[in-house]
Every structure is written in structure tokens, then in C-alpha cells.
Amino acid sequence: MNYISGKTIKDLRERKSLTQKQLAQRLMVSDKTVSKWETGRGLPDITMIEPLARELQVSVAELLAGEWSENSNRSANMLKGRFYVCPMCGNIIFSCGEGSFSCCGITLPPLEPEERDSSHFISAEQIEYEHYITLEHPMEKDHYISFIACVTDSDVCIVKLYPEQNPGARFKMRGSCAVFAYCNRHGLYKIKL
Ligand SMILES: [Fe+2]
């Protein structure tokens, strides 16, 4: 079995409404080369996989597996959005729709928030027109709250935290919202306000 399927390249190219010639130009190869890949008469060199995935707007993993998900943000209700955190670099991604997101070469699964527990107890206090969010949680180098976020139906506000800081954040009150706190070791916790 080939490590990449010609049909996958063809399907993804057509999804992007690109001709073989257009894709070839972007990759600085000839249109004959692209035609060979698609008909199984040749395989792209391994060094072409990343640029090919980039041009076809899928992750390398999706390109090689031949399975990809359609990104969409039709729901547009931020409260239905999902957080993704890269385990390698700690990058935070928030998506308001279905999609496939990758960082450091890894396709990231959406985080499933848990209700707060005794060791990740999110407290909310109202101070004037702000929610003051705090947690009793270690803020050590290898175990800390790395962000606190407040999500309403129309916006999201993320406060990044670092070890040695206080695990707290302030958010302007903007109607009903969900507050999330992410522990680098134990995952995502949530309360509704
Ligand atoms: Fe924790």
C-alpha cells in the first residue's frame, strides 16, 4: 500500500477548486508530476508532504490517513466552542465550530471540560462590574493553571498564566458566561455563571 493515496490528493485538490496546474505551480513541480501522483504512477517525495498538506489545507496526519474533517463555524455560538491545547508547546486554540487543528505536527483532540473538583475549585466573586475568578491551586513549574478563560455567547477572553503567578483573573461582566481553568497536568475545568 502506498503511504499516500492519489485519490486523496485529487479529492483534496478538487475540494480547493485547484487545477493540477495550479497545485503544481504552488508546489514548484510540473503538472505532469501532480497527474502522476493522482493516478498512482508516482509518489510525492517525503519532503513534499508538508508543503502539499499546507496547500491542500489539511494536517499531515489527515493527508496521510486520507481522512479529514471539514472546518466550519456555522454554529457561531461561542458557548459551544471548544478549547485545544498542544501538549508539546502549550499553544492554546479556541474554535467556535467543528474542525481539525494541529500544532507541532500533532492533531489535537478537543478538551472535554470537567466540573470543578476540590483540587480545581474555581471561585467567582463579583467586584463592581467584573467577575473575579480565583482557584486554590499550585502554581509550580510542572503543575500550574496555565490559563483562565471566560466565554459568552458572542466572545471569548483568555488570560494566560505562568508559574509563580496568582491563579486568578478578572473579566468584565457580559451576561451569562462559562469560566474555564486549564491545569497543565489535570486538564480543563468549568463553571457556569
Ligand atoms: Fe492540577
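Residues numbered from 1 in each chain as written. Predicted model: local features only at pLDDT ≥ 70, side-chain atom pairs only at ≥ 80, totals over all residues. Heavy atoms only, no water.

A. Region of interest: the sheet that holds strand β9 (residues 156–160). Read across the open sheet, the five strands follow the order β5-β12-β11-β8-β9; overall the sheet is mixed. Both edges of this open sheet fall to β5 (114–115) and β9, since each of them pairs with a single strand only. Where strand β8 (residues 145–151) lies against strand β11 (residues 178–183), six bridges are found, and the strand directions are antiparallel. Each bridged residue has a counterpart across the sheet, and for I145 the counterpart in β11 is C183. (Pairing = 2+ DSSP bridges. Helix = DSSP H or I, 4+ residues; strand = E, 2+ residues; numbered from the N terminus.)

B. Focus on the environment of S5. Relative to the assigned elements, S5 resides in the segment before α1 (6–15). Polar side-chain contacts of S5 include one of 3.2 Å to the backbone nitrogen of K7. In this structure the side chain of S5 is engaged in a polar contact, spanning 3.0 Å, whose partner is the backbone nitrogen of T8. (Polar contact = N/O pair within 3.5 Å; in protein donor to acceptor, adjacent residues only side chain to side chain.)

C. Quick look at the coordination of the iron ion. With distances of 2.2 to 2.4 Å, the protein atoms coordinating the iron ion are H120 (NE2), H137 (NE2), H143 (NE2), C183 (SG) and H186 (ND1). Take H143: its relative accessible area is 11%, and that puts it in the buried class. (Donors = N, O, S within 2.8 Å, 3.2 Å for Na, K, Ca; no water. Buried < 20%, exposed > 50% of the residue type's maximum accessible area, 1.4 Å probe, protein only.)

D. Representation of the pairing of strand β12 (residues 187–192) in the model. Most of β12 sits inside the fold, with five of its six residues counted as buried. Looking at chain direction, β5 and β12 are connected through two bridges and run parallel. When the bridges of β12 are listed, E115 appears paired with K190. Here six bridges tie β11 to β12, and the two strands are oriented antiparallel to one another.

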